Amino acid sequence: MQGESRASLAQAKDDLDTLIGQITADGHGGMSTAAVAELADQLFAVQHVLDREISLRRAFTDPSSNPAARAALARRLFGAQIGETAADVVANLVSAPWAAPRDIVDAVEQLAVQALYTVALAEGKLDDVEDELFRFGRIVDREPALLLALTDPAASTERRLALVDRLLAGKATDTTQRLVRELVASPRGQTFGVNLAEYVRLAAERRDRLVARVSVAVPLTEAQTARLAETLAAQLGRQVHLNVELDPELVGGMTVRIGDTVYDGSILRRLAEARRRLAG
């Protein structure tokens, strides 16, 4: 992916992180893990349609058409089949510029994978997923008969998926099994090994990208948001995406939560410390 497609995909990944928010089992503060997994399934379903329909992906990436009209078309076509959140993601995607029609298919797939990796990250299993996908790829590389059994177009999809389940059920995370099933059920243009390696790369990318939940008393400007992201990235040595939310109770300043770590620079905290010192 090159040029404007790369920029559009990067923005879409940022938007997806913001849309999902602070993922939890019960959805408190953002989407639930179950809802994000369902979002991934719906995005994969859209990707399957775009993969089959050349004319549709051309219509969605036609630079001469109006972005709002492309978004409206996407909502008409997919709105009844997928949830509102997935429809928003797809509408935003088709509104963006793409260098080639095929790029939007790859972008939808990457967002679906990102959603699943967000679930795995929230559950503390993303490292396991990356390792399992890598090791499964090595096994397939060493076993030509296994590769043929997983990719043989003469074998039914049900038979190939049953083989995946026998190999991975109870031995790998649900995310790993889900992704391998996806590649087996819907073969991509590249070889199975290349596609599996791409999923490993995306896992590493997701793992190295931190998501910070920022609470502020007053809205940040774009320049302040950019400076904060740059400062955190410099301190942590990793790219940081910011999910910013307003919390007037802070009075001033901000708090930044990354995983279980909280950086509290709020006036509320300073007032609490002052009260403790006075009480002492």
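Read on for a plain summary of the structure. (Residues numbered from 1 in each chain as written. Predicted model: local features only at pLDDT ≥ 70, side-chain atom pairs only at ≥ 80, totals over all residues. Heavy atoms only, no water.)

## Re the overall build of the protein
Argument step 1. Check the secondary structure of the protein and you find 13 helices and four strands.
Argument step 2. Looking at the protein as a whole, 41% of its 280 residues qualify as buried.
Argument step 3. Partitioning the intrachain contacts of the protein with sequence separation of at least 6 by distance along the chain shows that 65% fall at a separation of at least 24.
Argument step 4. Summing over all exposed atoms, the protein offers an accessible surface of approximately 14,800 Å²; the carbon and sulfur share of this is 53%. (Helix = DSSP H or I, 4+ residues; strand = E, 2+ residues; numbered from the N terminus. Buried < 20%, exposed > 50% of the residue type's maximum accessible area, 1.4 Å probe, protein only. Contact = heavy atoms within 4.5 Å. Areas by Shrake-Rupley, 256 points an atom, 1.4 Å probe, with all protein chains shown as cover.)

## Thoughts on the nonpolar core
Argument step 1. L43, Y117, L133, L150, V180, F192 and Y199 are the most contacted members of the largest nonpolar core, which totals 61 residues.
Argument step 2. Counting residues per element, this core draws most heavily on helix α6 (residues 101-122), which supplies twelve residues.
Argument step 3. With residues up to four places along the chain from it excluded, the contact list for L150 reads F136, V140, R160, L163, V164, V184 and F192.
Argument step 4. Counting residues in each nonpolar core, the second largest holds ten residues, with V214, A229, L242 and I258 among its members. (Core = buried A, V, L, I, M, F, W, Y, C linked by side-chain atoms within 4.5 Å.)

## Details of the side chain of Q177
Argument step 1. Inspection of the secondary structure assignment puts Q177 in helix α10 (residues 174-185).
Argument step 2. Look past the residues within four positions of Q177 in its chain and what remains in contact with it is V164, D165, L168 and A169.

## What about α6?
Argument step 1. Along its 22 residues, α6 runs 33 Å from first to last C-alpha, staying within 8% of the 32 Å computed at 1.5 Å per residue.
Argument step 2. Burial of α6 is extensive: 17 of the 22 residues sit out of reach of the surface.
Argument step 3. Downstream of α6 by one or two residues, G124 has phi in the positive range, about 70°. (Expected span 1.5 Å × (residues − 1).)

## What to know about the packing of aromatic side chains
Argument step 1. All chains considered together, the criterion is met by one aromatic pair.
Argument step 2. Judged by centre distance (6.4 Å) and plane angle (45°), the rings of F60 and F78 are tilted. You can see F60 sitting in helix α3 (residues 54-61) and its partner F78 sitting in helix α4 (residues 67-78), a full 18 residues away along the chain.
Argument step 3. The class for F60 is buried, based on a relative accessible area of 0%.
Argument step 4. Look at F78 and you get buried, because its relative accessible area is 7%. (Phe/Tyr/Trp six-rings, centres within 6.5 Å; stacked < 30°, edge-to-face > 60°.)

## Considering the environment of P153
Argument step 1. For P153, the position within the fold is in the loop between α8 (144-151) and α9 (157-168).
Argument step 2. Classification of P153 as exposed rests on a relative accessible area of 77%.
Argument step 3. Each C-alpha atom of the pair P153 and P187 lies 9.5 Å from the other, and the pair is 34 residues apart in sequence.

## Points about the packing of α6 against helix α7 (residues 126-142)
Argument step 1. Between α6 and α7, whose axes approach to 7 Å, the crossing angle comes to 125°. For the element pair α6 / α7, the angle class is oblique. Where α6 abuts α7, its residues Y117, A120 and L121 lie against L126, V129 and L133.
Argument step 2. Residue composition of the contact of α6 with α7, by class: six nonpolar, no polar and no charged. (Axes fitted to C-alpha atoms, helices over the stretch in contact; angles between N-to-C directions. Parallel < 35°, antiparallel > 145°, perpendicular 65-115°, else oblique. Nonpolar A, V, L, I, M, F, W, Y, C, P; charged D, E, K, R; others polar.)

## Some words on the pattern of salt bridges
Argument step 1. In the structure shown here, the tally under the stated rule is 13 salt bridges.
Argument step 2. Notably, a salt bridge pairs D41 with R178, separated by 2.8 Å at the nearest N-O pair. Here the residue D41 occupies a position in helix α2 (residues 33-52), and R178 occupies one in helix α10, the gap between them amounting to 137 residues.
Argument step 3. For D41, a relative accessible area of 38% gives the class partly exposed.
Argument step 4. Here E205 makes a salt bridge to R201, at a shortest N to O gap of 3.4 Å. Of this pair, E205 and R201 both sit in helix α11 (residues 192-207), four residues apart, which is roughly one turn of the helix.
Argument step 5. Classification of R201 by relative accessible area gives partly exposed; the value is 38%.
Argument step 6. Connected via shared salt-bridge partners are D41, E109, R178, E182 and R188. (Salt bridge = Lys/Arg side-chain N within 4 Å of Asp/Glu carboxyl O.)

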